[in-house]
Every structure is written in structure tokens, then in C-alpha cells.
Amino acid sequence: MMSTIDTSLAPEVRIKALVDKATIEINLSIKAIRYIRTGKELMRSAQNYYEDGLLDSAYVLYMRFLILSLEQVKEHPGFKELGDDDIKEMRANCKRVLPMAEKIKSELLVKYQAEYEAYNKALKFREEEKQEAERRAKLEQAKSIAAASMAFSSGISHQGIVPSGPPIEPSLISRNDGNPSAATSTIRSVNYEYGTNDNISNGTKIINPSNNSQHPQFDRRSKPSRLMSPMGTDSLRTVIIPGDLISKFTSIASLNSLKNIETCGVLCGKIIRDELVITHLVLPKQTGTPDSCTTLNEEEIYNIIDRYSLIQMGWIHTHPSQTSFLSSVDLHMHLSYQLMMPESIAIVVAPSKQECNVFTLTSVGVEMLQKCVNTGFHPHPPLEEPYFVDANHTAFESSRYIIVEDLR
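About the thresholds
- Numbers given to residues run from 1 along each chain, matching the order in which its sequence is written.
- Thresholds applied to this predicted model are a pLDDT of at least 70 for local features of residues and 80 or more for the giving and counting of side-chain atom pairs; totals over whole chains, interfaces and linings are not thresholded and use all residues.
- No hydrogens and no water enter the side-chain calculation; it runs on all heavy atoms of the structure.
- The cut-offs for exposure are 20% and 50% of the maximum accessible area for each residue type, with area from a 1.4 Å probe on protein chains only; residues under the lower value are buried, those over the upper are exposed, and the others partly exposed.
- What counts as a helix is a DSSP run of H or I of at least four residues, what counts as a strand is a run of E of at least two, and both are numbered from the N terminus.
- We call a crossover right-handed when, viewed with the strands running away from us, the connection from the first strand over the helix to the second turns clockwise.
- For two strands to be treated as a pair, DSSP must find at least two bridges joining them.
- Side-chain atoms alone can form a polar contact between residues adjacent in sequence; in general such a contact is a pair of N or O atoms within 3.5 Å, and within protein one must be able to donate a hydrogen while the other accepts it.
- Whether two residues are in contact is decided by their heavy atoms: any pair within 4.5 Å suffices.
- Here the expected span of a helix is defined as 1.5 Å times the quantity of residues minus one.

K.L.:
Summarise the pairing of strand β7 (residues 345–350); cite the residues concerned and give the values.
P.N.:
Counting buried positions over the 6 residues of β7 gives 6, a clear majority of the element. Residues I345, I347 and V349 of β7 are buried on one face, and the alternating residues A346, V348 and A350, pointing to the opposite face, are buried as well. A crossover links strand β6 (residues 311–318) with its parallel partner β7, the connecting element being helix α9 (residues 328–340), and its sense is right-handed. Two strands pair when backbone bridges link them, and β7 and strand β8 (residues 355–361) are joined in this way by 5 bridges, in the antiparallel orientation. Bridging across to β8, V349 finds its partner in C356. The hairpin turn running from β7 into β8, its antiparallel successor, is 4 residues long, and Q354 in that turn takes a positive phi close to 55 degrees.

K.L.:
Please give an account of the side chain of H319 that cites residues and values.
P.N.:
Note on placement: H319 falls in the loop between β6 and α9. Note on H319: relative accessible area 2%, which makes it buried. There is a polar contact of 2.9 Å between the side chain of H319 and the backbone oxygen of T323. Setting aside chain neighbours within four positions, we find H319 in contact with E262, S324, F325, D330, V348, V349, A350 and P351.

K.L.:
Outline helix α3 (residues 55–72), listing residues and values.
P.N.:
Between its first and last C-alpha, α3 extends 24 Å over 18 residues, near the 26 Å set by a 1.5 Å rise per residue. Counted residue by residue, α3 has 16 buried out of 18 residues, so it is predominantly covered.

Written out as C-alpha cells, the structure is:
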């Protein structure tokens, strides 16, 4: 969804602006195969937006997929390591997306042209209203002057004085005992100032919102890379979490928690009316320790994602004997999610402490973690801002229920 829509721009200019939004930098530290897989999620996101009638967002994501697949991934150092099947699938997807992108572009041009014409029509109407208001004001001013002149003429005509120039207020005439010459002298000494066009109302004042000096202030943590986000960097889309997710996951992980072993899962869903709706919890094959969890056979996760046309929206894991927070390992794990989609969330459940939090990395955290090359548990330098905070772009909905895919 466009953060601002300027219908005063020509349709071709607005299309170019969308293409500019579609082009973003890729992070070479992320494996090429991850971009290939994310490309498929871009396609699904674009289709979600198209089905909801949000053509601008759909077009941006389809174009981003094409730019990523046809240009950027080929420049990635890991492109040569991709399997033949991955490259064939990517090319096949490009062939499917190209006509869809062109179709949406045609629809957008028709829509933009109608909006452009409506804008110009409204602008012309406002200009005509302004000119009419000025004409009426001038007419009213002329009538007032004429009326004042007639009143003045009527008031002194019995003295034989023929007024010349603008009328004056009778109260300013010095009667001087009825001496006409004295009255005339006083009249000529008065300095008259009449209203000019600068004092006339110009009718309706047109204010361009884009010129408003009051710019909205946005949280800095809403501005990481936005590969999976269609429009701008000014805000995060809302992530909808099913009301039973935490209780169901806690129950599933309970046996491991009793053994002081972490459990983890991947959160997936779909985009509905520009909201990220979590629908599935995928539990991959995994091994765990009291302070770590490692997934196995990740290809099985992507099979589930492809089967149900899902999009990854974050992850969830337990801290069986610790509090709810993100460790250094957790921070780097979540970085890979948030670089792809800034709305991605990390949920930490600490059953022994009866704690649960939904976290997101701050923009400073993202920046610092990208520079960190350490692995395993390690300290990070302290910052003025935290590396992570509670995610305030989420909402739990009790009317939604999570679907569990347990691959263990």
C-alpha cells in the first residue's frame, strides 16, 4: 500500500516510481539459495496483494522478483553453487511472472490515467471557483463604493457641492457653521485609503499535503532492509498471531522443556489486506540443548511452505530454564529473518518463568549484527539503544487458530 499517493503525477512517472521501489540491495552474506527460496515467497506475496486488489504493491513485488532473479542473484558469489534444478525453476518462474507483471502494469496505467484526469479536472474546477470568488468580491466592492458615493452626494447636494473623486464618510466633514468653503477645505485634507485586490478573499485555499511542514515521526526500528515489503520504509505492517499459538506450542514443547531442552518452530502465513497473518507453525526435525536448538533437513520446511503457498514470518523457541530474551545466537538467527522481511518476529517462551515475549531487532541492532562475524555465544558491544525490543506491530486474535505441521 502506497504511503503517499500523488495523483498529480503522470501515469508513466508513477509507474517508474514503483519500479524504483522494486530495486533494493541484496546482502551478499546471505546465501544465494536463500534468495532463490525467498523469490518464491515474493511471488506469493505479490499474488496475495493482487487478490486483495492492491495492484501497486503486487506490481512492486513482481518487479522485485524479476530484478532479483534476472539480475541480482546472478551477481551473487554463491550463484555458481546453485543446483541446476534451482536455476531451471527460477527461470520458469520468471516466464510466468513476466506476463503477470505486464498485465498489472496495464491495469495500473488505466487506473492512474483516470486518477490523473480526475485530479486535473478538480484542479481546474478549484481554479474556476477561485476566479469566480475574486470576480464577485470585486463586484461587491464596486457596489459598496457606488452606494457610498451616492449617499455622500445626496447628503451635500443641497449645498451645491459636486463631489469629485472617492466618497468620504459624512462624519469626517467639518460643518464649520455651515460655511461651504470651510467644509470643502476640510474635505480635501482627508487622506482616503480604499481596499485593493490584496484585501479581497482569494476563495478556497489549496493546500498540498506533500508541502506540509509537519512531517510524521517514525520509530527508527521500522527501517531495516525490505526485500519482502512492497512500499517504502516508514512503517511496519501488522503481524496477526493466532490466539492459541503460545499455549499450543508450549504444550508441544513441554516434554523437551521438562528435560531442559529447547524446542523451535517456524512461523508461516499469508498476506491478507496488507496484514501478515500467521497461519502455520512448522516444527522441523531438530536437536536441542539447554540453550540452543538446531534445525535439520531444512528442505522439508520449504516443501511445506511450497505446498501451502506460505510465507515465512518469523520463528518461535523455548528457553526451558531461563528468562525470555534473545541470546547472541538468537540475535544472529533472527537477523537472517529480518533482513528478508523487517516485520519478522521472534517469539521466546520461558515456561519455567511463565514468560513470553514477541521481539524484533532495532535498526541499530540490525546494523551492528551485520558487522559482527563471530559465531556461537559471544558478547556484543553495548549500544545506546538496545539490540532488540518488544515488537509493537503485532496483534493476537483469539478468533484465529494455528495449524501445526510437526515434521519431527
